[in-house]
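# Descriptive structure summary
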Amino acid sequence: MLIFISNLDRFIPNRSAMDMDFAHYMLTEGKKAKEENALACSPSSQAYRMQLADALNINRSRILAFKNKPPVPVELIPRQHISSANLQPKPIKPCRHIPQSPESAFEVSDLPGDSFLNLLDWGSSNVLAIALGRIVYLWDASNDSTSELVTMDDEISHVTSVNWAPDGRRIAVGLNNSELRKLKGGHRSRVGALAWNNHVLTTGGMDGQVINNDVRIRSHIVDTYRGHHGEVCGLKWSPSGQQLASGGNDNLVHIWDRSVASSTQWLHRLEDHTSTVRALAWCPFQENLLATGGGVGDRCIKFWNTHTGACFNSVDTGSEVCSLLWNKHEWELLSSHGFIENQVTGNQVTENHLTLWKYPSMVKMAELTNHTSIVRYMTRSPDGCKVATAARDGVLNFWNVFGVPEVAKAAPKAKQEPFSNFARIR
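Residues numbered from 1 in each chain as written. Predicted model: local features only at pLDDT ≥ 70, side-chain atom pairs only at ≥ 80, totals over all residues. Heavy atoms only, no water.

This part covers the overall build of the chain. Each helix and strand counted, the chain has 3 helices and 28 strands in total. The proportion of buried residues among the 426 residues of the chain is 46%. As presented, the chain carries roughly 22,900 Å² of accessible surface, and 52% of it is formed by carbon and sulfur atoms. (Helix = DSSP H or I, 4+ residues; strand = E, 2+ residues; numbered from the N terminus. Buried < 20%, exposed > 50% of the residue type's maximum accessible area, 1.4 Å probe, protein only. Areas by Shrake-Rupley, 256 points an atom, 1.4 Å probe, with all protein chains shown as cover.)

Take the nonpolar core next. Nonpolar side chains in soluble globular proteins tend to end up buried together. Counting 26 residues, the largest nonpolar core has Leu120, Leu128, Val159 and Phe398 as its most contacted members. At the level of elements, strand E2 (120–122), strand E3 (127–132), strand E4 (135–140), strand E6 (159–164), strand E7 (171–175), strand E27 (387–390) and strand E28 (395–399) are the ones that each hand at least two residues to this core. With 4 residues, the single largest contributor to this core is E3. Those residues in contact with Leu120 that sit more than four places away from it in its chain are Leu128, Ala129, Ile130, Val162, Tyr377, Met378, Thr379, Ala388, Thr389, Ala390 and Leu396. Core analysis: the next-biggest nonpolar cluster, separate from the first, contains 15 residues, Leu289, Val321, Leu333 and Trp357 among them. (Core = buried A, V, L, I, M, F, W, Y, C linked by side-chain atoms within 4.5 Å. Contact = heavy atoms within 4.5 Å.)

Okay, the sheet that holds E27 next. In sheet architecture, strand pairing relies on hydrogen bonds along the backbone and comes in two forms, parallel and antiparallel. One open sheet accounts for 4 strands, arranged E1-E28-E27-E26; its pairing is antiparallel. With partners counted over all chains shown, the strands left at the sheet margins are strand E1 (104–107) and strand E26 (377–380), one partner each. Ignoring strand direction, the axes of neighbouring strands in this sheet form an average angle of 15°. Looking at chain direction, E26 and E27 are connected through 4 bridges and run antiparallel. Pairing of Arg380 across the sheet is with Val387, part of E27. (Pairing = 2+ DSSP bridges. Axes fitted to C-alpha atoms, helices over the stretch in contact; angles between N-to-C directions.)

Taken in spatial order, the 4 strands make up an open sheet running E16-E17-E18-E19, and their pairing is antiparallel. Edge positions in the open sheet fall to strand E16 (277–282) and strand E19 (310–316), since each of these has one partner strand only. Strand-to-strand twist across the sheet, computed as the mean angle between neighbouring axes with direction ignored, equals 20°. In this sheet, strand E18 (residues 300–305) lies alongside strand E17 (residues 289–294) in antiparallel orientation, the contact comprising 5 bridges. What sits directly across from Leu290, in E18, is Trp304.

Next up, the structure:
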């Protein structure tokens with residue numbers, strides 16, 4: 001049976017609207033009879049027969065009949081309410097050029113290659129901090145000035161971590177003797193990871209503890225989280241400040257909820273990695289999306305729903321994942337890499353590159369290979385456009401990898417040279 005389906009884009013013959021007997025007659029005898037009658041009848045008789053056929057509705061030539069006429073298209077939004085700009089076709093977005101070499105590169109000495117340290121951070125006031133041995137240097141990108149923030153007096157007190165507060169006016173400095181600058185009594189060994197959440201400074205130590213310090217009060221320790229069995233080498237608060245992610249050399253990632261006061265009750269314990277987890281990055285567009293990167297024995301970037309604790313994607317990058325950064329303007333993720341283990345000989349070699357991924361397809365957009373050693377440290381400028389990286393090769397690179405968003409592009413300015421008092425190598 002042929003039926004008509006309403007509200008679709010074509011018509012199908014409807015058997016109930018057809019005269020099958022007349023159709024059969026017209027296909028067999030009707031045409032022959034018409035031809036014979038046309039030869040035998042006078043012109044006036046033919047005219048009479050045609051008028052009679054029209055009156056009786058038997059002068060039809062169509063065999064297939066349709067039930068209804070096509071429906072008139074319905075405008076969901078009246079045309080008068082649509083601006084002329086919206087009626088224009090959207091221009092195709094051109095592919096962004098990603099420079100394969102850094103804008104500038106500078107030699108820095110005394111940069112350790114320890115995978116558990118965090119020695120580079122770019123604050124919201126556009127000042128970059130880098131720790132070199134016992135000294136913390138600052139570079140102000142707004143006026144191209146370099147200064148020395150602090151030098152540790154004790155020969156054994158090397159800086160193991162630096163992190164700017166959200167306001168860009170305070171910076172935390174962690175030491176390898178378990179102390180923070182002006183904050184004491186929390187950890188029993190070096191402090192390698194720092195993360196701010198408003199006035200709360202969260203610290204992670206070699207002792208496996210994660211401590212929340214309220215810097216406004218004398219008794220600064222307000223929470224202590226115990227869940228790691230090894231050194232805590234990565235800490236990141238979610239954009240809302242409600243959840244904290246911690247990664248350690250025990251191959252674990254913990255998600256802690258700020259509203260839970262218990263020192264041992266984590267929200268989720270994520271156990272899918274098979275090596276040290278130092279690289280942590282919360283997505284700026286989706287509150288519960290966390291990216292984590294595993295060490296040389298794991299090599300994977302994993303993506304987690306922190307509301308449920310589920311890992312919904314894992315990508316084998318082929319080498320150790322040292323650091324992760326999201327693009328603030330596009331669905332893109334930047335990773336830095338180090339060791340790769342030869343599956344045949346067991347020897348370790350280095351890849352020393354950055355990889356830009358398109359999310360969620362995780363297609364490689366670019367690989368940047370300027371460094372000659374493990375790229376341990378990576379940080380992003382406040383506007384989200386530039387990235388600074390430091391490696392064991394003693395080189396500090398500045399990359400324009402994320403580009404300038406169209407809405408924020410301004411007239412070109414004179415190029416500024418960071419760390420002008422350091423020896424330039426490129």
